[in-house]
Amino acid sequence: MPEMDRRSLLKMGAAAIAGTVIGNGVTLYTSPARAEEGGGPPGAAATNALEIPSKGKARWGMVIDNNKCTAQCTACTAACRTENNVPLFGDERYDGHWIRKVTLTPERGGPEKHLPLLCNHCDQPPCQHVCPVAATFTRHDGIVMIDKHRCIGCRYCMIACPYKARTFVFKETSEWTNKDVPKRAHGVVEKCTFCAHLIDQGKIPACVEACNKSGEGAMIFGDLNNPGSAIVKYIRAVATKGIREDLGLEPKVSYTGI
Amino acid sequence: MANIKTKFTVIEGNSAGYWLLVAVLGLLSLGGFWSSYMMFLHGHYMTGMTNAIPWGFPIVMAVYLIGLSAGSLVLSALSSVFGRTEFKPLARISALLAALLLIGALMCIILDWGRPDRILVPFYSMNPRSMFSLNGMLYSTYIGICFVYLWAMFNHKEKLVKLLGFTAVFWAVLVHSGTGAIFGFVGARELYHSPLLPPSFIAAALSSGTALMILVLYATFKFTGRQLDDGLIRRLGLYLAVFIAVVAYLVFIENVTRSYWPGNYAVQKFLLLFGNKYSLIFWIGMIGCGLLFPFIILANPATGKSIGWILVASALVVIGVLAERYIIVIPGQVMPMEMFPGYHIAGPFQDGRMIDYYLSPMEILFGAGITAFVFFLYALSLKFFEMTPDKAAGESGN
Amino acid sequence: MKRPAATAAALLALLAAPLFYAGCGNAKAPAPQLTKPTNATECVEPAATMRANHMNLLRHERDNIVREGDRSRKYRIEGCAQCHTKRAEFCDRCHDYAGVKPECFDCHYLP
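Residues numbered from 1 in each chain as written. Chains lettered and ligands numbered in written order. Predicted model: local features only at pLDDT ≥ 70, side-chain atom pairs only at ≥ 80, totals over all residues. Heavy atoms only, no water.

What about the interface of chain A and chain B?
On the chain B side, the residues contacting the 51 residues of chain A number 50 residues. Per-residue buried area on chain A facing chain B is highest for Tyr156(A), Ile159(A) and Lys164(A); these three make up 16% of the total on that side. Summed over the shared surface of chain A and chain B, the number is four salt bridges. With a closest N to O distance of 3.9 Å, Lys164(A) and Asp351(B) form a salt bridge. (Contact = heavy atoms within 4.5 Å. Buried area = accessible area lost by both parts, 1.4 Å probe. Salt bridge = Lys/Arg side-chain N within 4 Å of Asp/Glu carboxyl O.)

Details of the environment of Ile370(B)
All names here are of chain B. By secondary structure assignment, the location of Ile370 is in helix α14 (residues 361-384). Owing to a relative accessible area of 0%, Ile370 belongs among the buried residues under this scheme. Each C-alpha atom of the pair Ile370 and Gly31 lies 8.9 Å from the other, and the pair is 339 residues apart in sequence. Residue contacts for Ile370: discarding those within four places in its chain leaves Phe33, Leu65, Gly104, Met107, Cys108 and Leu111. (Helix = DSSP H or I, 4+ residues; strand = E, 2+ residues; numbered from the N terminus. Buried < 20%, exposed > 50% of the residue type's maximum accessible area, 1.4 Å probe, protein only.)

Here we look at the side chain of His114(A)
All names here are of chain A. With respect to the helices and strands, His114 occurs in strand β5 (residues 113-118). His114 sits in the buried class, given a relative accessible area of 14%. Of the polar contacts made by the side chain of His114, one reaches the side chain of Thr103; its length is 3.5 Å. Beyond its immediate chain neighbours, meaning those up to four positions away, His114 contacts Asn66, Cys69, Thr70, Ala71, Lys101, Val102 and Thr103. (Polar contact = N/O pair within 3.5 Å; in protein donor to acceptor, adjacent residues only side chain to side chain.)

A short note on the packing of helix α8 (residues 230-260) of chain B against helix α12 (residues 307-329) of chain B
The axes of two packed helices give the description: the angle between them and the distance between them. Residue and element names in this part refer to chain B. Across the interface, α8 lies against α12 with an axial gap of 10 Å and an inter-helix angle of 35°. You can see that α8 and α12 cross each other, and the crossing is left-handed. On α12, the residues that touch Asp230, Ile233, Arg234, Gly237, Leu240, Ile244, Val247 and Val251 of α8 are Ile307, Ile310, Ser314, Val317 and Glu324. For the contact of α8 with α12, the residue count by class is eight nonpolar, two polar and three charged. (Axes fitted to C-alpha atoms, helices over the stretch in contact; angles between N-to-C directions. Left-handed = near helix turned anticlockwise from the far one by under 90°. Nonpolar A, V, L, I, M, F, W, Y, C, P; charged D, E, K, R; others polar.)

Focus: the sheet that holds strand β10 (residues 219-223) of chain A
Residues and elements named next belong to chain A. An order of β10-β3-β11 is seen for the three strands of this open sheet, with the pairing classed as mixed. The sheet terminates laterally at β10 and β11 (253-256), the two strands that pair on one side only. Across the sheet, the axes of successive neighbouring strands diverge by a mean angle of 20°, strand direction being ignored. Strand direction decides the pairing type here: strand β3 (residues 60-65) and β10, joined by five bridges, are antiparallel. Paired with Val63 across the strands is Ile220, a residue of β10. Along the sheet, helix α7 (residues 206-213) contacts β3 and β10; its crossing angle with β10, the most-contacted strand, is approximately 135°. Here helix α8 (residues 230-237) sits on the sheet and contacts β3, β10 and β11; the angle it forms with β10, its principal contact strand, is near 115°. (Pairing = 2+ DSSP bridges.)

Quick notes on the side chain of Asn51(B)
Tracing the backbone shows Asn51(B) in the loop between α1 (16-42) and α2 (57-81). A polar contact is formed between the side chain of Asn51(B) and the backbone oxygen of Asp95(A), at a distance of 2.9 Å. Within the local environment of Asn51(B), its side chain forms a polar contact with the backbone nitrogen of Phe168(A), the two atoms lying 2.8 Å apart. If we skip the residues at most four places from it in the chain, Asn51(B) touches Arg93(A), Tyr94(A), Asp95(A), Met158(A), Thr167(A), Phe168(A), Phe170(A) and Phe349(B).

Quick word on the pattern of salt bridges
Considering all chains together, one arrives at 27 salt bridges over all chains under this definition. Note that Asp200(A) and Arg139(A) form a salt bridge whose closest N and O atoms lie 2.9 Å from each other. With a gap of 61 residues between them, Asp200(A) in the loop between α6 (196-199) and α7 and Arg139(A) in the loop between β6 (136-138) and β7 (144-146) connect regions that are remote in the sequence. Note on Asp200(A): relative accessible area 31%, which makes it partly exposed. Note that Lys277(B) and Asp356(B) form a salt bridge whose closest N and O atoms lie 3.5 Å from each other. Of this pair, Lys277(B) sits in helix α10 (residues 277-299) while Asp356(B) sits in the loop between β2 (343-346) and α14, and the two are 79 residues apart along the sequence. Judged by relative accessible area, which is 32%, Asp356(B) ranks as partly exposed. Connected through shared salt-bridge partners, Arg139(A), Asp141(A), Asp200(A) and Arg71(C) make up one network.

Structural notes on the nonpolar core
Counting residues in hydrophobic clusters, the biggest one holds 157 residues, and the most contacted among them are Tyr156(A), Trp55(B), Leu73(B), Tyr142(B) and Phe183(B). Looking at this core element by element, the count peaks at 17 residues for α2(B). Those residues in contact with Tyr156(A), other than ones at most four positions away along the chain, are Val130(A), Trp55(B), Ser130(B), Met131(B), Phe132(B), Ala181(B), Ile182(B) and Val186(B). Counting residues in hydrophobic clusters, the runner-up holds 43 residues, among them Ala58(A), Trp60(A), Ile143(A) and Met339(B). (Core = buried A, V, L, I, M, F, W, Y, C linked by side-chain atoms within 4.5 Å.)

Section: helix α2 (residues 47-68) of chain C
Residue Asn53(C) marks the point of greatest curvature in α2(C), where the axis turns by about 70°. Turning to α2(C), its buried residues are Met50(C), Glu61(C), Asn64(C), Ile65(C), Val66(C) and Arg67(C). Tucked inside the fold, the buried residues of α2(C) contact β6 and β7 of chain A. Just beyond α2(C), the residue with positive phi is Gly69(C), at close to 70°. (Bend = angle between axes of the 7 residues up to and from the residue.)

What to know about the sheet that holds β5(A)
Taken together, the three strands give an open sheet; going across it, the order is β5(A)-β4(A)-β2(B), and neighbouring strands pair in antiparallel fashion. Edge positions in the open sheet fall to β5 of chain A together with β2 of chain B, since each of these has one partner strand only. In this sheet, neighbouring strand axes are inclined to one another by 35° on average, regardless of whether the strands run parallel or antiparallel. Of the pairings in the sheet, the one linking strand β4 (residues 99-106) of chain A to β2(B) comprises four bridges and is antiparallel in character. By the bridge assignment, Pro106(A) is partnered in β2(B) with Tyr343(B). Each of β4 and β5 of chain A touches helix α3 (residues 75-84) of chain A; the most contacted strand, β4(A), lies at about 155° to it.

As for a nonpolar patch on the surface
Residue and element names in this part refer to chain B. Together, Ile119, Leu120, Phe123 and Tyr124 make up an exposed nonpolar region whose accessible area comes to about 480 Å². Along the polypeptide, Leu120 turns up in the loop between α3 (91-112) and α4 (121-124). For Leu120, a relative accessible area of 58% translates into the label exposed. (Patch = residues over 30% accessible without salt bridge, like charges linked within 9 Å, V, L, I, M, F, W, Y side chains within 5 Å. Areas by Shrake-Rupley, 256 points an atom, 1.4 Å probe, with all protein chains shown as cover.)

Some thoughts on the pairing of β11(A)
For a regular strand, side chains alternate in direction, first toward one face of the sheet and then toward the other. Residues and elements named next belong to chain A. Across the two faces of β11 the burial is the same, with Val253 and Tyr255 and Ser254 and Thr256 all buried. Across four bridges, β3 lies against β11 in parallel orientation. Residue pairing in the sheet places Ile64 in a bridge with Tyr255 of β11.

Now the structure itself:
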């Protein structure tokens, strides 16, 4: 559906909240007030604060500007480990990774690229499709999460995920860096939650906050359903691409410059 | 009962040899349980599995045992469904083995979970889209069918036996196709994603099941001093040769399909040429032991009629199909996933390179222990139930 | 199995042994001494209800909290921590007395 159609339709929405199905069960909601502020050029990374839409209307997504992400910076990964109690054992076989920095070297030469990889929170998550006990679920705001109360640790989701976004808790950690967030007992699968506990408080994920603080500002997080949000403005202005979009999983994390 | 010539009896099972066997198998199974308890207590870092290779030897064993089970059950139904009365002597043994092997396979799967204490969760929280969840339902009904089928055979309910035999064949095919689908339906990994996996799983099930049945029949009859009809073994050997040919055909098609497309050269090079230990297991274990050598033995008129050689061929197939299961489960995870075509990727999560999988002693103990437990139950069942055909009555030794 | 009745009786006796053992002694485990919160006098439900049902309330609501993202729920394990600040002197004592080992604290922090 062309962008203009969507926007004009939204503007037509009268006093109440307007909603329109944009395909694949994704419903686009917005309030008239927000529809008015839609459009315009992408704001600077500074306008990256969360606007909390009414509950259940948001659809969180992330854009990572590859050109701003530098080689040495590990602000996002470090922040994630502290926030979510993700342990680092120093043994690459068992380390948990909710977000990790990778280096891409073009095979035919050229500059290296550095970018963080995390769960893409697919709209069609294969991990959720294969989970035998429905422990993996998609929240109303599109965040794919694991119910660790229910996970049996069969690891089928790790087989099915093409992004290697999931890790298994091979060992328990005694460290408890952030006591507000549960850690994991061994034997369940864990992955990025987009810091759902922070989103529910109206904050932004720890990695994005750390990225902003470090001055790189390479991560833009926001509501894909809100035409006025910084992320939607950015996506409309700059070409972005998800990883392995050919698989048709519709990832909600996209990158510029890959 | 009048139309049944075969008389089934219990084995006496009082000899020192029998109790020694039971004791050894029991001890081994205790070892297996101990290893799974250690995994449960301390976490899966006790095994050779890693975050990059989340499915290790227990899953290989589970798939292998399910295959043996499905093959056994189909053999068991030969006499009742297809009217091949010459296979009547093995009907009960193979149905029993089918049930026990599937129990073993389920134990492999469940004890390999990170949280086997959550065994009840799959019963109240199901996901009908998941092959695992669907298979769970198939497996449990399968075990039920096996036992009802055994009960019907014991009580000589001929019509019910025929009906259940038919259901059992259908269910065995369904169960093992489902097991193949666990891998074949996963689009993320190149070496898994293939619609040929379910049928080739069935073929491998039939070949390994037949081979195991030959060995088990021979061992059971020799051990109890019963007289075994050589013709039965030879006919099973013939079946085995046919099944091997079908497996070989499917393996050939699958690999040729993958090798033909230039985009898959890297994957196929890894599997067939440069993957070091995996290509060794592929060529020596899967192709050599599982297909080529036994087929030569069975197809050659000089050796195909000899009971000794048929036993050798069967043993080779039983080993070779284990290698095949290993080749299905492990290299698909070792091969890195192509996330960024055109780039070489390096990162902390073993990104962009082959990750070796080392079989840990813990997993070997686990696999051996569960297998031993299956045969532990089998040995005890022979003593307590009228499983074994008694051709030479009065002659039975121990 | 030559004498099934006798075997069954012996097995039953063996299995029931702990009951007899427990019944024979007069010693009763002392009731747990709980340190009550100082910042509140009432829990979210009457004490008797909480004593009997807190695990069910928590288990029931955790699905809504985790899966629906509804963090406004009344019964949350984080809610407990707002008043019950000494787990070792409250939760653990009663759990030890009742002989239950909840897994909650493997992952959730209660001071």
